[in-house]
Amino acid sequence: MILHHWDTDGICSASLLMERFGKDKNFTPKIGNYILDEEDLNAIRKYDSITVVDMNLGNASDICGFAELTIYDHHIAKKVDCAKAHINPYLNGETYPSATLVVQENLGLPLDHRVILGMVGDVGKKIMERPQSHIVEKYLKDSGRSFEDIERAVLLLDSSYKMFNRKEVLENVFIADDLDAILNSDRLNRNEEVLEKEIEEMVSRAEDVGKITVLKMRTEHHIISAVARKIAWGMGKTALVLNEKSDRDEIYLRSPDMDVSRFIDMAKSRGYNAGGKREVVGMVLPKGEGETFFNEIMEELR
Ligand SMILES: [Mn+2]
């Protein structure tokens, strides 16, 4: 069984592995979880061989208790000693743009659109500034496909987790081997339409407050990063977004120029879940606690 991340890279990596090893069962943790909870563990106990791909699972070693474990990954990770094999170039200090490239190179598979989708899914347009850009160029030249087709297919495959549709994520693995099947999928195109409209609507409600642009919204969809990116890049100002979900609050901060990473430590010091980079911060807070912290960040930045 192949256990994979819910995004394009995870879906395409799973597709490559299932084809190569003739497997037909796949699984993804609950969307948003980077561990297997008790329910997920119980659901996979019946398998005696499990390959985890494109996920640095917090409790991967739990799998060794009932199955032979293999891992293909490219995230920052520690070696999982109980795994039969842990294939992650990062363990040798190497940075790989996608799990699909790790799988393709390690198994000597031909270069196809799935490898490229994984790279563009995880890195975006910036893949063309990475050392692996020649791989993308070679694929585009040999296939006659456009970079826009690849970007569109990424958007479509990612639409399922953004809609929080775990079943659909699993189904996507079975169409991933056919680029046109992805591009022409009615259900994925419908998702994209819904998400695009919702993102536009949210962005239009953002308000300028001094030097920054802020937005409070309520949606169960996973669009906060897309909304913040659109505000920050579109208006050229730092975007601060609060999303109050039914079970948690989310805060997302993205700046086109400023270093906002100090807010990662600030959030962590209050016991909140936070991560990010120099110009982008994502946080998850218990339900009801988001607005106070959101106001505090706003006062500091405005
Ligand atoms: Mn990945």
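With that settled, the discussion passes to the overall build of the protein. In terms of helices and strands, the protein carries 12 helices and 11 strands. Since a compact globule built from 302 residues should have a radius of gyration of about 19 Å, the 20 Å found for the protein is in line with a globular shape. Along the longest, intermediate and shortest principal axes, the C-alpha atoms of the protein span 55 × 45 × 35 Å. In the protein, which comprises 302 residues, the proportion classed as buried is 40%. Within the protein, contacts between residues separated by at least 24 positions form 55% of all contacts whose residues are at least 6 apart in sequence.

Turning next to the nonpolar core. Core analysis: the biggest nonpolar cluster contains 46 residues, and Val52, Val53 and Ala153 have the highest contact counts within it. Broken down by secondary-structure element, the contributors of at least two residues to this core are strand E1 (2-4), helix H1 (8-21), strand E3 (49-53), strand E4 (68-72), helix H3 (99-107), helix H4 (113-123), helix H6 (147-162) and helix H8 (179-183). The greatest single-element share of this core, amounting to seven residues, is contributed by H6. Among the nonpolar cores identified, the runner-up in size contains 31 residues, and Ile224, Ala239, Ala267 and Met283 belong to it.

Before going further, it helps to spend a moment on the pairing of strand E11 (residues 280-286). Looking at chain direction, strand E9 (residues 248-254) and E11 are connected through seven bridges and run antiparallel. Each residue of the ladder has a partner; that of Leu253, found in E11, is Val281. Of the pairings in the sheet, the one linking strand E10 (residues 273-276) to E11 comprises four bridges and is antiparallel in character. Looking at the pairing, Ala274 lines up with Met283 of E11. Connecting E10 to the antiparallel partner E11 that follows it, the hairpin turn spans three residues.

The next thing to look at is the domain arrangement of the protein. Domain annotation of the protein identifies domain 1 (2-189) and domain 2 (205-301). Spacing between the C-alpha centres of domain 1 and domain 2 amounts to 28 Å.

Glancing now at the packing of H1 against H3. The relative placement of two packed helices comes down to the angle between their axes together with the axis-to-axis distance. Contact pair H1 / H3: the axes reach a minimum separation of 8 Å and the direction vectors enclose 20°. On the basis of the axis angle, H1 is roughly parallel to H3. Only Ala99, Thr100, Val103, Gln104 and Leu107 of H3 make contact with H1, whose side of the interface consists of Asp9, Gly10, Cys12, Ser13, Leu16, Leu17 and Arg20. Grouping the amino acids of the contact of H1 with H3 by side-chain chemistry returns six nonpolar, four polar and two charged.

Below, the discussion takes up the sheet that holds E4. Taking strand neighbours across the sheet as the criterion, the five strands line up as E2-E1-E3-E4-E5 in an open arrangement whose pairing is parallel. Lying at the two open borders of the sheet, with one neighbouring strand each, are strand E2 (26-27) and strand E5 (85-87). Packed onto the sheet, H1 meets E1, E2, E3 and E4 and runs at close to 165° relative to E1.

At a minimum axis distance of 8 Å, the contact between H6 and helix H9 (residues 186-204) shows a crossing angle of 70°. In terms of orientation, H6 and H9 fall into the roughly perpendicular class. Helix-helix and strand crossings are classified by hand; for H6 and H9 the assignment is left-handed. Contacts between H6 and H9 involve Leu155, Leu156, Ser159, Ser160 and Lys162 from the first element and Leu188, Asn189, Asn191, Glu192 and Leu195 from the second. Of the residues in the contact of H6 with H9, the class split is four nonpolar, four polar and two charged.

Parameters at a glance
- Residues numbered from 1 in each chain as written.
- Predicted model: local features only at pLDDT ≥ 70, side-chain atom pairs only at ≥ 80, totals over all residues.
- Helix = DSSP H or I, 4+ residues; strand = E, 2+ residues; numbered from the N terminus.
- Rg over C-alpha atoms; globule rule 2.2 N^0.38 Å.
- Buried ≥ 20, exposed ≤ 12 C-beta atoms within 10 Å, placed from the backbone.
- Contact = placed C-beta atoms within 7 Å.
- Core = buried A, V, L, I, M, F, W, Y, C linked by C-beta atoms within 7 Å.
- Pairing = 2+ DSSP bridges.
- Domains from an automatic or database assignment.
- Axes fitted to C-alpha atoms, helices over the stretch in contact; angles between N-to-C directions.
- Parallel < 35°, antiparallel > 145°, perpendicular 65-115°, else oblique.
- Nonpolar A, V, L, I, M, F, W, Y, C, P; charged D, E, K, R; others polar.
- Left-handed = near helix turned anticlockwise from the far one by under 90°.

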